[in-house]
Amino acid sequence: MSSIKRTPERNLLVFTGRAHPELAEEVAASLGITLTPTTAYDFANSEIYVRFEESVRGSDAFVIQSHTAPVNEWIMEHLIMVDALKRASAKRITVVMPFYAYARQDKKHRGREPISARLMADLFRTAGADRLMAVDLHTAQIQGFFDGPVDHLMAIPILSGYVCEKYASDPGLDMTRDLAIVSPDAGRIKVAEQWSARLGGAPLAFIHKTRDIHRPNESVANRVVGEVEGRTCILVDDMIDTGGTIVKAAEALQKQGAASVVIAATHAILSDPAVDRLKNCPATEVVVTNTLPIAADRQFDKLTVLSIAPLISRAIREVFEDGSVTKMFDGSA
């Protein structure tokens, strides 16, 4: 006998850091497994230690970590976990980032600036990641920063499904006259088009805004482009950080005669003073997903949080079984 033949056995393991373990537990439960036991703690000088309590040799490892505040600490923990898996001989390591940190720094606005989104991809590749999975990247071009396969998941099926059921299920509703899908800026109009396709061809509008590159998290909503008067406006974006952009957009829509405004966004960063702004803004409901943890003191009456876990778990299963992630989004992912 000149060789040894063995039917390959594949072993899917899911790991989580300490940033958002609740989401990882939901994902694992949806897959019908439990999280791999992990020990993680900080030394007195704030260095991070990680060790997996079970063998990971030859496994298909999926490492989930949401990059919430303190962002840099959780990125470092994520990198250390990937390095530990590589050194423990995991066969394939997939980094699952429900929220990709530094995604807004995807290009240079001025000279001598970094492209930090590219640096993030390089760090994880160097640490040992074979594949990257993220939800609603700030710009699609970030997929090209990682030298390996990237699964770009989109929360639109979850968000639009909820909005459609609540605001567009009335048989007497005329989608083309009673609804409008609004992008908070011209750069998100393609996403708004996807929303329109899912909501019966509802017309599009967008907010023409300007931003001062010297003043982060600030923008000026100049005017509304499109017909919104008397309509329920679904204002869609990828993230809400301080809430300045989205709240100014909602106010602009109200001034233009919108019947009501519903905000739908994937990532609820909710940095101060976002909660106060959203509480007092004209929007009747703010719909987000749980890609990031939302503390109890950040929740308010008109905030609705939908779980992204079913989407992530299905994508993990497709990758593990060599299926298609693209078919999850009608070929558009």
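For the structure, see preceding data.
My aim in this report is to walk through the structure given alongside it, one point at a time. (Residues numbered from 1 in each chain as written. Predicted model: local features only at pLDDT ≥ 70, side-chain atom pairs only at ≥ 80, totals over all residues. Heavy atoms only, no water.)

Focus on the pairing of strand 7 (residues 150-153)
Applied cut-off: Exposure classes here rest on a 1.4 Å probe applied to the protein chains alone. A residue is buried below 20% of its type maximum, exposed above 50%, and partly exposed in between. Only DSSP runs of H or I reaching four residues or more are called helices, and only runs of E reaching two or more are called strands; each is numbered from the N terminus. Note: two strands are recorded as paired if DSSP finds a minimum of 2 bridges between them.
Residue alternation in strand 7 divides its side chains into two sets, V150 and H152 and D151 and L153, and both sets are buried. Note: strand 6 (residues 131-135) against strand 7, four bridges, orientation parallel. Following the sheet pairing, A134 is matched in strand 7 by H152.

Let's talk about the nonpolar core
Quick note on the threshold: Nonpolar cores are built from buried Ala, Val, Leu, Ile, Met, Phe, Trp, Tyr and Cys residues. Side-chain atoms within 4.5 Å join them into one set. What makes two residues a contact is simply this: any of their non-hydrogen atoms within 4.5 Å.
Membership of the largest hydrophobic core comes to 42 residues, with the highest contact counts inside it found for V27, L153, I181, W195, I312 and I316. Counting residues per element, this core draws most heavily on helix 9 (residues 309-320), at seven residues. Setting aside its immediate chain neighbours within four residues, W195 contacts I156, L159, S160, V163, I181, I234, V236 and A264.

Some remarks on the packing of helix 2 (residues 71-87) against helix 3 (residues 116-127)
Quick reminder of the rule: Under this scheme, a helix contributes an axis fitted over its contacting stretch, all axes are lines through C-alpha atoms, and angles between N-to-C directions fall in the 0 to 180 degree range. Orientation labels follow simple angle bins: below 35 degrees gives roughly parallel, above 145 gives roughly antiparallel, 65 to 115 gives roughly perpendicular, and whatever is left gives oblique. Polarity classes work like this: nonpolar for Ala, Val, Leu, Ile, Met, Phe, Trp, Tyr, Cys and Pro, charged for Asp, Glu, Lys and Arg, and polar for all others, with Gly in that last group.
Contact geometry for helix 2 and helix 3: axes closest at 8 Å, N-to-C directions at 25 degrees. Here helix 3 runs roughly parallel to helix 2, going by the angle between their axes. Contacts from I75, H78, L79, V82, D83 and K86 of helix 2 reach helix 3 at M120, L123, F124, T126 and A127. Its residues assigned to classes, the contact of helix 2 with helix 3 comprises seven nonpolar, two polar and two charged.

Overview of the pattern of salt bridges
Selection criterion: One side-chain nitrogen of Lys or Arg within 4 Å of one carboxyl oxygen of Asp or Glu is enough to make a salt bridge.
This model, assessed by the stated rule, comprises 19 salt bridges. Between D322 and R10 there is a salt bridge, with its nearest N and O atoms 3.2 Å apart. Residue D322 is located in the segment after helix 9, and its partner R10 is located in the segment before strand 1 (12-16); the two are separated by 312 residues in the primary sequence. Since its relative accessible area comes to 45%, R10 is described here as partly exposed.

Describing the packing of aromatic side chains
What counts, and what does not: Any Phe, Tyr or Trp ring, taking Trp's six-membered ring, that has another such ring centre within 6.5 Å forms a pair; planes under 30 degrees apart are called stacked, those over 60 apart edge-to-face, and the others tilted.
Taken as a whole and judged by the stated rule, the model has four aromatic pairs. Here F43 and Y49 contribute two aromatic rings whose centre-to-centre distance is 6.2 Å and whose plane-to-plane angle is 75 degrees, an arrangement assigned as edge-to-face. Assessed through its relative accessible area of 40%, F43 is described here as partly exposed. The class of Y49 is partly exposed, set by a relative accessible area of 29%. In textbook terms, an aromatic cluster arises when at least three aromatic residues are bridged by ring pairs, as seen for Y41, F43 and Y49.

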